[in-house]
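Survey of secondary and tertiary structure
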Amino acid sequence: MAKTKGSSNNNNRSYKMRLIFKSTIFLMAIYTTSCNTSEVGLENANDRFSSEEIVELNKIVSSFDSILVKKYGCTSLAPAYLVFSDSTFSSLDHSLLLEFDLIYSIYDEIYEYQVAEKIWWKDPHDKDRINYSSNKPYMDYLFEQGLKNSFIHEYWENVNSVSDIGPSMVLFFSKNANKLNFNNRNHRLIFAIHYFTIYNR
């Protein structure tokens with residue numbers, strides 16, 4: 001069946017809106033990196049994580065940094081993270097999660113980290129299955145970060161109440177990732193753990 005003129009106009013408008021959305025992402029990334037170039041390190045209130053676990057958390061951040069920079073060929077982190085979010089959001093529009101083998105490639109190492117016990121519930125019968133648990137120290141860490149960022153607070157409220165990342169929260173996170181500061185390792189850690197969780201649960 002031939003496309004109607006109205007259908008063609010709708011497709012054009014949708015395409016233009018997506019171009020505007022992507023352009024806005026890049027402009028915000030440039031603004032963010034130019035206005036705040038000093039990196040904020042991981043915070044560890046009340047010594048929730050041991051020194052060894054902080055090393056492991058930093059490895060998670062660095063691994064995810066490397067994955068995204070390699071994937072998108074960006075010279076700075078913010079554009080790589082935001083392009084990934086946009087790509088994920090676009091995939092979710094069609095009920096498909098972005099295929100990303102690189103995330104799986106380092107999962108086995110992270111699964112064995114000591115700190116993993118403070119982040120995820122693990123299925124003892126299925127190594128590939130993890131999820132959030134409301135009684136893990138990571139949820140307290142999320143709460144503390146949410147005191148300084150309304151987006152993180154809303155995310156914490158949702159995942160802490162259900163010990164899961166529901167479909168609406170997957171969409172919410174990818175759509176609103178520009179509310180994170182990618183010069184802050186705490187925000188990049190939350191981003192990385194979010195995606196490691198939904199790709200491996």
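Since the model is a prediction, treat every value here as computed from it, not as a measurement. (Residues numbered from 1 in each chain as written. Predicted model: local features only at pLDDT ≥ 70, side-chain atom pairs only at ≥ 80, totals over all residues. Heavy atoms only, no water.)

**Structural notes on the overall build of the protein chain**
- Of the regular secondary structure elements, the protein chain holds nine helices and two strands.
- In the protein chain, the succession of helices and strands from N to C terminus is α-α-α-α-α-β-β-α-α-α-α.
- The proportion of buried residues among the 201 residues of the protein chain is 45%.
- For the protein chain, the proportion of contacts with a sequence separation of at least 24, taken over those separated by at least 6, is 64%.
- Counting every atom, the protein chain has about 10,800 Å² of accessible surface; 53% of that belongs to carbon and sulfur. (Helix = DSSP H or I, 4+ residues; strand = E, 2+ residues; numbered from the N terminus. Buried < 20%, exposed > 50% of the residue type's maximum accessible area, 1.4 Å probe, protein only. Contact = heavy atoms within 4.5 Å. Areas by Shrake-Rupley, 256 points an atom, 1.4 Å probe, with all protein chains shown as cover.)

**Topic: the environment of P137**
- Assignment of secondary structure puts P137 in helix 6 (residues 137–146).
- Look at P137 and you get partly exposed, because its relative accessible area is 23%.
- Note: C-alpha distance between P137 and E117 (20 residues apart in sequence) is 9.1 Å.
- Once residues within four sequence positions are removed from consideration, P137 is found in contact with R48 and K118.

**A look at the packing of aromatic side chains**
- Under the counting rule described, the total for this entry stands at 21 aromatic pairs.
- Ring plane angle 75 degrees and centroid distance 4.9 Å describe the contact between Y81 and F191, whose orientation is recorded as edge-to-face. Taken together, the positions of Y81 in helix 3 (residues 77–93) and F191 in helix 9 (residues 185–199) put the pair 110 residues apart, joining distant regions of the chain.
- By relative accessible area, which is 0% here, Y81 ends up buried.
- Members of the aromatic cluster, joined through ring pairs, are F64, Y81, F84, F151, Y155, F172, F173, F182, F191, Y195, F196 and Y199.
- Above the face of the Y111 ring, K122 is positioned so that its terminal group lies 4.2 Å from the ring centre. (Phe/Tyr/Trp six-rings, centres within 6.5 Å; stacked < 30°, edge-to-face > 60°. Lys NZ or Arg CZ within 6 Å of the ring centre and 35° of its normal.)

**Observations regarding the nonpolar core**
- The biggest cluster of nonpolar side chains holds 54 residues, and the ones touching the most others in it are F64 and F191.
- Where this core is concerned, the elements lending two or more residues are helix 2 (51–72), helix 3, helix 5 (107–111), strand 2 (130–132), helix 6, helix 7 (150–162), helix 8 (167–175) and helix 9.
- Top element by residues in this core is helix 9. It accounts for nine residues.
- If sequence neighbours within four positions are ignored, F64 has contacts with Y81, F84, I103, F191, A192, Y195 and F196. (Core = buried A, V, L, I, M, F, W, Y, C linked by side-chain atoms within 4.5 Å.)

**Considerations on the environment of Y107**
- For Y107, the position within the fold is in helix 5.
- Y107 sits 93 residues away from N200 along the chain, and the two C-alpha atoms are 8.2 Å apart.
- Those residues in contact with Y107 that lie beyond four places of it in its chain are K127, D128, I130 and N200.

**Some words on the confidence of the model for the protein chain**
- Mean pLDDT over the protein chain works out to 82, with 78% of the residues at or above the 70 mark.
- The spread of mean pLDDT over the elements of the protein chain runs between helix 1 (residues 5–35), the lowest at 48, and helix 6, the highest at 96.
- For the stretch residues 1–5, pLDDT sits under 50, and the model shows one contact to residues farther than four places along the chain or on other chains.
- Segment residues 23–36: pLDDT under 50, and 15 contacts once partners within four positions in sequence are set aside and those in other chains are kept. (pLDDT = per-residue confidence, 0-100.)

**Here's the deal with helix 9**
- Taking 1.5 Å as the rise per residue, helix 9 with 15 residues should run 21 Å; its terminal C-alpha atoms sit 21 Å apart, in good agreement.
- Burial of helix 9 is extensive: 15 of the 15 residues sit out of reach of the surface.
- Between the side-chain oxygen at the start of helix 9 and the backbone nitrogen of N186 there is a gap of 2.8 Å, and the oxygen is on N184. (Expected span 1.5 Å × (residues − 1). Polar contact = N/O pair within 3.5 Å; in protein donor to acceptor, adjacent residues only side chain to side chain.)

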